[in-house]
Amino acid sequence: MIDVINLRKAYGSTEVLKGITTTIRQGEKIAIIGPSGSGKSTFLRCLNRMEEPTSGSILFEGRDITDRKADIDEHRRQMGMVFQHFNLFNNKTVLENIMLAPVYLGLRDLRRLKRRNRLVRLRNLFHGEKLPLHPIETSKARIREEARENALRLLKRIGLEDKANAYPSTLSGGQKQRIAIVRALAMNPKVMLFDEPTSALDPEMVGEVLDLIRQLADEGMTMVIVTHEMGFAREVATRVLFMDGGNILEDDTPERIFTNPRHPRTREFLSKVL
């Protein structure tokens, strides 16, 4: 599903990723662990193209998303991302936050379709053989209404439908993060990326966020999660990557990583966090 080939990322003379190569298969739940500064979050942001790789390739379903011609909006529609600090818009209601991306992309697609039809009409003025117009089966109002219905459905799923018209500043950290997750789900992504989704939460709020991620895992969602929650990684992940110094030093099943790690650096790290 995702093939990462010799991925490098440097900021000036500082190389943060030093030639990452790995494959993420459909349905996998991959936990990335490692010390701070090891390149975990940078790797995740490169997958979503929030960071531009210095070199190397990322193939998503066979398409090289590092190509400058790649449609980044379309890629992010397929690969949702959740951040540790929520990144909700405080001047918009919860409902508006969830609707924002689906409405923006839906209207963009509608404009593109109308533009293509204008070109077809122009072309047909000068040719005897007429080309058919592209069918338009939606409207601005319908796009907004469908986005609203989907947002309310997602809020109901997490038990926060009563917060639809609230603003993020009135919510707890756990509520904000669950809303950030369903905001990403509103795009119906094929992959979910989580960048330390519980690190900014009070301890009593961690469980409600991990429970939602667990539900997504049980439903078969492909996901990559950078986490310091070792118990969660061991329970939910199908593979664990240990990163340090911009490299993947170990890639194995949770059982092997946590009970019999091969690399000395992995053993050293786990001895301090378990």
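Heads up: the structure comes first, above all this text.
Participant: What should I look at first to understand the pairing of strand β7 (residues 191–195) in this one?
Facilitator: By the criterion of burial, β7 is predominantly enclosed, with five of the five residues buried. Taking every second residue as pointing to the same face, both faces of β7 are buried, with Val191, Leu193 and Asp195 on one and Met192 and Phe194 on the other. Where β7 and strand β8 (residues 222–226) come together, five bridges link them in parallel fashion. Looking at β8, one finds that Leu193 is bridged to Val224. Assessed by its sense of winding, the connection that carries the chain from β7 through helix α6 (residues 203–218) to β8 is right-handed.

Participant: Can you walk me through the packing of helix α3 (residues 94–125) against helix α5 (residues 173–185) in this structure?
Facilitator: For any two helices packed against each other, the geometry is given by the interaxial angle and the distance between the axes. Running from amino to carboxyl end, α3 crosses α5 at an angle of 30 degrees, the nearest separation of the two axes being 8 Å. Taken together, the axes of α3 and α5 are roughly parallel relative to one another. Here α3 and α5 pass one another in a crossing that is right-handed. Note on element contacts: α5 touches α3 through Ile179, Val182 and Arg183, opposite Val94, Asn97 and Ile98. Looking at the contact of α3 with α5 residue by residue, the class counts come to four nonpolar, one polar and one charged.

Participant: Looking at this model, I keep getting lost on the side chain of Arg77. Mind explaining?
Facilitator: One can find Arg77 in helix α2 (residues 72–78). Non-local contacts of Arg77, meaning those with residues more than four positions away in its chain, are made with Leu105, Gly106, Arg108, Asp109, Met187, Asn188 and Pro189.

Participant: I keep staring at the sheet that holds strand β6 (residues 79–82) and nothing clicks. Help me out?
Facilitator: Strand-to-strand pairing in sheets goes through backbone hydrogen bonds, with the strands running parallel or antiparallel. Strand order in the open sheet formed by six strands is β6-β7-β8-β3-β9-β10, and the pairing between neighbours is mixed. The sheet terminates laterally at β6 and β10 (247–252), the two strands that pair on one side only. Each strand axis lies, on average, 15 degrees off the axis of its neighbour in the sheet, ignoring direction. Relative to β10, strand β9 (residues 239–244) runs antiparallel, the two being bridged by five bridges. Looking at β10, one finds that Met243 is bridged to Ile248. Sitting on the sheet, helix α1 (residues 40–47) is in contact with β3 (29–33), β6, β7, β8 and β9, with an inclination near 150 degrees to β7. Of the strands in this sheet, β3, β9 and β10 touch helix α9 (residues 264–273), which is tilted by about 95 degrees from β9.

Participant: Please clarify how the pattern of salt bridges should be interpreted in this entry.
Facilitator: Pairs may arise between side chains of opposite charge once their charged atoms sit close together. Applying the stated criterion across every chain yields a total of 25 salt bridges. Among the salt bridges present, the one from Asp73 reaches Arg108, with a minimum N-O distance of 3.6 Å. Placement of the pair is Asp73 in helix α2 and Arg108 in helix α3, with a sequence separation of 35 residues. Its relative accessible area of 7% is what places Arg108 among the buried residues. The partner of Glu74 in a salt bridge is Arg77, with the nearest N and O atoms 3.5 Å apart. Here Glu74 and its partner Arg77 are both found in helix α2, three residues apart, which amounts to about one turn of the helix. The exposure class of Glu74 is partly exposed, given its relative accessible area of 28%. Three or more residues joined by partner-sharing salt bridges are found here, namely Asp71, Asp73, Glu74, Arg77, Arg108, Asp109 and Arg112.

So, how was this worked out
Residues numbered from 1 in each chain as written. Predicted model: local features only at pLDDT ≥ 70, side-chain atom pairs only at ≥ 80, totals over all residues. Heavy atoms only, no water. Buried < 20%, exposed > 50% of the residue type's maximum accessible area, 1.4 Å probe, protein only. Helix = DSSP H or I, 4+ residues; strand = E, 2+ residues; numbered from the N terminus. Pairing = 2+ DSSP bridges. Right-handed = clockwise from strand over helix to strand, strands pointing away. Axes fitted to C-alpha atoms, helices over the stretch in contact; angles between N-to-C directions. Parallel < 35°, antiparallel > 145°, perpendicular 65-115°, else oblique. Left-handed = near helix turned anticlockwise from the far one by under 90°. Contact = heavy atoms within 4.5 Å. Nonpolar A, V, L, I, M, F, W, Y, C, P; charged D, E, K, R; others polar. Salt bridge = Lys/Arg side-chain N within 4 Å of Asp/Glu carboxyl O.

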